[in-house]
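Residue-level structure breakdown
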Amino acid sequence: MKILTSPSLFASDLLNIEAEVKRTEAAGADMIHFDIMDGIYVPNISIGFELLAAVRSATNLPIDAHMMTVKPEKYIERLANAGADIITVHNDIADEASILEMIEEIHNFGLMAAVALKPRVPAEAILPFIEHIDMVLVMTVEPGFSGQSFMDMSDKIRKVKSYIGTNPVSIQVDGGINEKTAAICAEAGANVFVVGSAAYKAPSMRDALSAVKTAAARAYPL
Ligand code: DX5
Ligand code: ZN
């Protein structure tokens, strides 16, 4: 699978969002990670649809809406209209059948679908969805805030990778990712790297992202 970086805009300078989006593009990012929180699923409220539409108007990079919310099914159409390319929902916000319905609806809008697992959720939880999704997000922090310390989820990533087998499904990691932690995750099989603080707070975002990519490519199993 291709090694990709996805800077998490929530960790950027939100006062200068247009400049931050341009900086993200110029730094060589492959996509943009857009964190949506509702204050219910996670103890924080972040950024929403209008800002997503504004970001869409400023870039052609694919945008991944990471829905840290209950009832994300209510917002699939709005996310599609606002310009999301990928919608990521957490597995523990509904039962299996409902998540499968959400995945189908996301695909019906022509978008890619991903399912996210919080640190405490076991790898096995992805099994019912694996053949229906484009990406698995293995969280490497408790969702809710940028700038938290990385939690090593290597064993879980390895299991998810073995469940994926030869299906064309990416494994994304999110939370505390930098050059060092990206290598740990890549070695276990992750190929998409959400980078928040380590990208936007770095002296050079371009160097930070290319360091993540190089370290990950070196560690990724052939
Ligand atoms: C956390 C969010 C992350 C966060 C990543 O709940 O899902 O995307 O912004 O930021 P860092 O890389 O600083 O942990
Ligand atoms: Zn996120």
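First, a word on what this report is: a plain description of the structure on this page. Every value quoted in this text rests on a predicted model; they were computed, and no experiment measured them.

**Notes on the coordination of the zinc ion (ligand 2)**
All of the protein donors around the zinc ion (ligand 2) are His33 (NE2), Asp35 (OD), His66 (ND1) and Asp174 (OD); their distances to the metal are 2.0 to 2.3 Å. Here the zinc ion (ligand 2) is ringed by 6 donor atoms whose angles at the metal span 72 to 172°, and the overall shape comes out octahedral. Mapping the donors of the zinc ion (ligand 2) onto the primary sequence yields the spacing H-x1-D-x30-H-x107-D. Neither His33 nor Asp35 differs from the other in exposure class; each is buried.

**Quick notes on the packing of aromatic side chains**
In the structure shown here, the tally under the stated rule is 1 aromatic pair. Between Phe49 and Tyr75, the ring centres sit 5.3 Å apart and the planes meet at 35°, which makes this aromatic pair tilted. Of this pair, Phe49 sits in helix α2 (residues 49-56) while Tyr75 is found in the loop between β3 (63-68) and α3 (76-82), placing the two residues 26 residues apart along the sequence. Taking relative accessible area as the criterion, Phe49 reaches 15% and is therefore assigned buried. For Tyr75, a relative accessible area of 25% puts it in the partly exposed group.

**Structural notes on the pairing of strand β7 (residues 170-174)**
Judged by how many residues are buried, β7 sits mostly within the fold: 5 of 5 residues are covered. Of the two faces of β7, the one holding Ser170, Gln172 and Asp174 and the one holding Ile171 and Val173 are both buried throughout. In this sheet, β7 lies alongside strand β6 (residues 135-139) in parallel orientation, the contact comprising 5 bridges. Across the sheet, residue Val138 finds its bridge partner in β7, namely Val173. Following the backbone out of β6, through helix α5 (residues 154-164) and into the adjacent parallel β7, one traces a crossover that is right-handed. With 3 bridges joining them, β7 and strand β8 (residues 192-195) adopt parallel strand pairing. Paired with Asp174 across the bridge in β8 is Val194. Handedness of the crossover is the feature at issue here: the chain leaves β7, passes through helix α6 (residues 179-188), returns alongside β8, and the resulting connection is right-handed.

Rules used in this analysis
- Numbers given to residues run from 1 along each chain, matching the order in which its sequence is written.
- Here chains are named by letter from A upward and ligands by number from 1 upward, in the order in which they appear as written.
- Given that this is a predicted model, residues contribute local features only at a pLDDT of at least 70 and side-chain atom pairs are listed and counted only at 80 or more, while totals for whole chains, interfaces and linings are drawn from all residues.
- Side-chain metrics in this entry use all non-hydrogen atoms of the structure; hydrogen atoms and water are not considered.
- For Na, K and Ca the donor cutoff is 3.2 Å, while for all other metals N, O and S atoms count as donors only within 2.8 Å; water does not appear among the atoms, so some sites may look incomplete.
- Each label reflects the angles at the metal, where four donors whose angles all fall between 85 and 135 degrees are tetrahedral, four or six donors whose opposite pairs open beyond 155 degrees and whose other angles stay between 65 and 115 are square planar or octahedral respectively, and the rest are irregular.
- A simple rule labels every residue: compare its accessible area, found with a 1.4 Å probe on the protein chains alone, to the largest value its type can have, and call it buried under 20%, exposed over 50%, or partly exposed in between.
- The criterion for an aromatic pair is that two Phe, Tyr or Trp rings (for Trp, the six-membered ring) have centres within 6.5 Å, with stacked assigned to planes under 30 degrees apart, edge-to-face to planes over 60 apart and tilted to the rest.
- In this description a helix means any DSSP run of H or I spanning at least four residues, a strand means any run of E spanning at least two, and both kinds are numbered starting from the N terminus.
- Strand pairing is assigned whenever DSSP identifies at least 2 bridges connecting the two strands.
- The handedness of a crossover follows from its direction of travel: if, with the strands pointing away from the viewer, the path from the first strand over the helix to the second runs clockwise, the crossover is right-handed.

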